[in-house]
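Structure assessment
The lines below spell out each chain.
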Amino acid sequence: MTLRLGTRRSALALAQSGHVAQAITAATGIAVELVPIVSEGDVNRASLAQLGGTGVFATRLREALSAGECDLLVHSLKDLPTASAPGLRIGATPVREDPRDVVVTRGPSLGELPVGATVGTGSPRRVAQLHRRAPRVDIRDLRGNVDSRLGRVREGDLDAVVLAAAGLARLGLFVDAGAGGPVPGAGSAADLHFEPLGLAEWPTAAGQGALAVEIRDDAPAAVRDAVAALEHADTRTAVTIERAALAGIEAGCHAPVGIHAAVDGDEARVRAVVYAPGGTARIGLDRTESLTKGYIRESSDGNGANVADSADPTAHAALIGSAIARRLLERGAGDFVSRESSL
C-alpha cells in the first residue's frame, strides 16, 4: 500500500509534506509518495488580499483530494479557512512548531530600524501590528516564496520582512537557541538577523505553526489509521480554540486577528487581539480557561434545553473558542472585521 499525499510545489510545502510523509512511514511502515498540485495562488501574482486571502492555496488541493487524485493533504493550518470543506475532515494535527513571527533584517532589530525603513508583509494582521509597534517604517505588500522574500532583504530591496518562525524552521533556516538567542539554521540565511517576536505582545494567526492533515470523510480505515498516528492532543485543543474564536467573530484566515492558545495541563491560556485596519485601534483579551469544566450549549433538538458538552475534548475546545469570540464581539471587535473575509 502506498498513500498519495497532495502538495503544492513550493519549497516550504514540499518540506512540510515530506516531513509528514516520513512521519507516517516511521509510525506505520506505510509508504507515502508526494503528488505535486498547482493552485491559483501559485500562478497568480496578485496580492493575497486581492485573491481572497491565503485560503486560495487550499482550494485546488481540496478539489484534488475530493476527486481522488490523492489520499491526503498537508496544510499550514493558519492558511486553512475555518469553514470545513464538504466531504473532507482534518484527520490529524501533528505536534506544533514554533508559533511566533520573526522579523528578518540585515542586522538591526525592529526597534532599531530607521524612519522610512521598508518592511515587507502581505498579512493585514502584521500590517496592523507593524503600524502599532513600529509606526515609523514604510510597509510594502509582499508575495513570493521564503527564499525570494529573504533575497529581497539580502539584496537591499527591503530592509526587513516578517515571516512565520515555523516555516523558517521547517526549511532549516532558523533555530531558536533558547537563552543563546535565535541563530540561522543550516540553510542559506547565515548573513541575516532573526528577531522572534513574543506572543504576548505580538499574537500570531490562528493555527500558526501547526499543520493539518486532511482526508476524505469516506477514507478507508487504513488511511484514517495511518494519519491518526500523527495526532497530538494538546495541539488539536489549542488550534481548535483559536480557529473557533476566529470563526465566531466571522473573520477569515487573512483577517487582522492575532490569537494564540497555550495548553498547560487542564488549562489553556488564550491571548487574542482584533485590530482595526492599519492598526489604528485594537481590542484584546487574555484569559485562562479550564479544559475540564463543562461548557453549556443549547440542545440541537430545538427544545431550548441546555446540556453539558465536555465529553468530547475537541467539542469542548470549540466551545471555549466560541466563548472567546463572544467576549471580543461584546467589546466591539465586529466593527474591525470585514465579513467578506470569513469564507
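See the structure printed just above.
What comes next is a walk through the structure. (Residues numbered from 1 in each chain as written. Predicted model: local features only at pLDDT ≥ 70, side-chain atom pairs only at ≥ 80, totals over all residues. Heavy atoms only, no water.)

Attention now goes to the overall build of the protein. Scanning the protein from N- to C-terminus turns up 10 helices and 17 strands. Counted over contacts in the protein with a minimum sequence separation of 6, partners at least 24 positions apart contribute 68%. Accessible surface, the protein: about 14600 Å² in total, of which carbon and sulfur atoms supply 49%. (Helix = DSSP H or I, 4+ residues; strand = E, 2+ residues; numbered from the N terminus. Contact = heavy atoms within 4.5 Å. Areas by Shrake-Rupley, 256 points an atom, 1.4 Å probe, with all protein chains shown as cover.)

Time to look at the packing of helix 9 (residues 233-248) against helix 10 (residues 313-330). In the contact formed by helix 9 and helix 10, the axes pass within 7 Å of each other and the chain directions differ by 40°. In terms of orientation, helix 9 and helix 10 fall into the oblique class. Between helix 9 and helix 10 the crossing geometry is right-handed. Facing helix 9, whose interface residues are R236, T237, T240, I241, A244, A245 and G248, helix 10 presents T314, A317, A318, I320, G321, S322, I324, A325 and L329. (Axes fitted to C-alpha atoms, helices over the stretch in contact; angles between N-to-C directions. Parallel < 35°, antiparallel > 145°, perpendicular 65-115°, else oblique. Left-handed = near helix turned anticlockwise from the far one by under 90°.)

All right, on to the pairing of strand 8 (residues 160-164) then. Of all five residues that make up strand 8, five are buried, and the element is covered over most of its length. Residues A160, V162 and A164 point to one face of strand 8 and V161 and L163 to the other, with burial holding for every one of them. Sheet analysis places strand 6 (residues 118-120) next to strand 8, joined by two bridges and oriented parallel. Looking at the pairing, V119 lines up with A160 of strand 8. (Buried < 20%, exposed > 50% of the residue type's maximum accessible area, 1.4 Å probe, protein only. Pairing = 2+ DSSP bridges.)

As a further point, take the packing of aromatic side chains. Applying the stated criterion across every chain, the model contains one aromatic pair. Ring centres of F174 and F194 lie 5.7 Å apart, and the angle between their planes is 50°; this geometry places the pair in the tilted category. Taken as a pair, F174 in strand 9 (residues 174-176) and F194 in strand 11 (residues 193-197) lie far apart in primary sequence, 20 residues in all. Like F174, the residue F194 is buried in the burial classification. (Phe/Tyr/Trp six-rings, centres within 6.5 Å; stacked < 30°, edge-to-face > 60°.)

With that settled, consider a negative patch on the surface. Taken together, the side chains of D234, D264, D266 and E267 present a region of like negative charge at the surface. Summarising the element assignment, E267 is placed in strand 14 (residues 267-275). (Patch = residues over 30% accessible without salt bridge, like charges linked within 9 Å, V, L, I, M, F, W, Y side chains within 5 Å. Salt bridge = Lys/Arg side-chain N within 4 Å of Asp/Glu carboxyl O. Lys, Arg positive; Asp, Glu negative; His and termini not counted. Charge placed at Lys NZ, Arg CZ, Asp CG, Glu CD.)

Moving on, we get to the nonpolar core. Formed by 25 residues in total, the largest nonpolar core has its most connected members in I241, V274, I324 and L328. Elements that contribute at least two residues to this core include exactly helix 9, strand 13 (257-264), strand 14, strand 15 (282-290) and helix 10. Looking at this core, the element that brings in the most residues is helix 10, giving five residues. Membership of the second largest hydrophobic core comes to 18 residues, among which are I24, A92, V213 and V223. (Core = buried A, V, L, I, M, F, W, Y, C linked by side-chain atoms within 4.5 Å.)

The full count for this structure, using the stated rule, is 18 salt bridges. Taking the shortest distance from any N to any O, the salt bridge between E214 and R62 comes out at 3.0 Å. Linking E214 in strand 12 (residues 211-216) with R62 in helix 4 (residues 56-66), this pair joins segments that are 152 residues apart in sequence. As far as burial versus exposure is concerned, E214 and R62 are alike and both buried. A salt bridge links R126 to D101; the shortest N-O distance between them is 2.8 Å. On the criterion of sequence distance, the pair formed by R126 in helix 5 (residues 124-133) and D101 in strand 5 (residues 101-105) is long-range, its members being 25 residues apart. The buried category is assigned to R126, whose relative accessible area is 8%. Here the salt bridges share partners, and the residues they tie into one network are D101, R125 and R126.

Our next topic: the environment of P86. Assignment of secondary structure puts P86 in the loop between strand 3 (72-76) and strand 4 (88-92). Expressed as a C-alpha distance, the spacing of P86 and S66, which sit 20 residues apart in the sequence, is 8.9 Å.

Note that R236 resides in helix 9. The class for R236 is buried, based on a relative accessible area of 18%.

The strand order 2-1-3-12-4 describes an open sheet built from five strands, whose pairing is mixed. Each edge of the open sheet carries a strand with a single partner, namely strand 2 (31-36) and strand 4. Neighbour to neighbour, the strand axes of the sheet diverge by 35° on average, direction disregarded. Summarising the sheet, strand 1 (residues 2-7) and strand 2 pair through six bridges and their orientation is parallel. Within strand 2, the residue paired with L5 across the bridge is L34.

Let us look at the pairing of strand 14. The sheet contact formed by strand 13 and strand 14 spans eight bridges and is antiparallel. Within strand 14, the position partnered with V257 by the bridge is V274. Connecting strand 13 to the antiparallel partner strand 14 that follows it, the hairpin turn spans two residues, and G265 within it adopts a positive phi of roughly 65°. Remark: six residues form the turn of the hairpin made by strand 14 and strand 15, two consecutive strands paired antiparallel; G278 in that turn has positive phi of roughly 80°.

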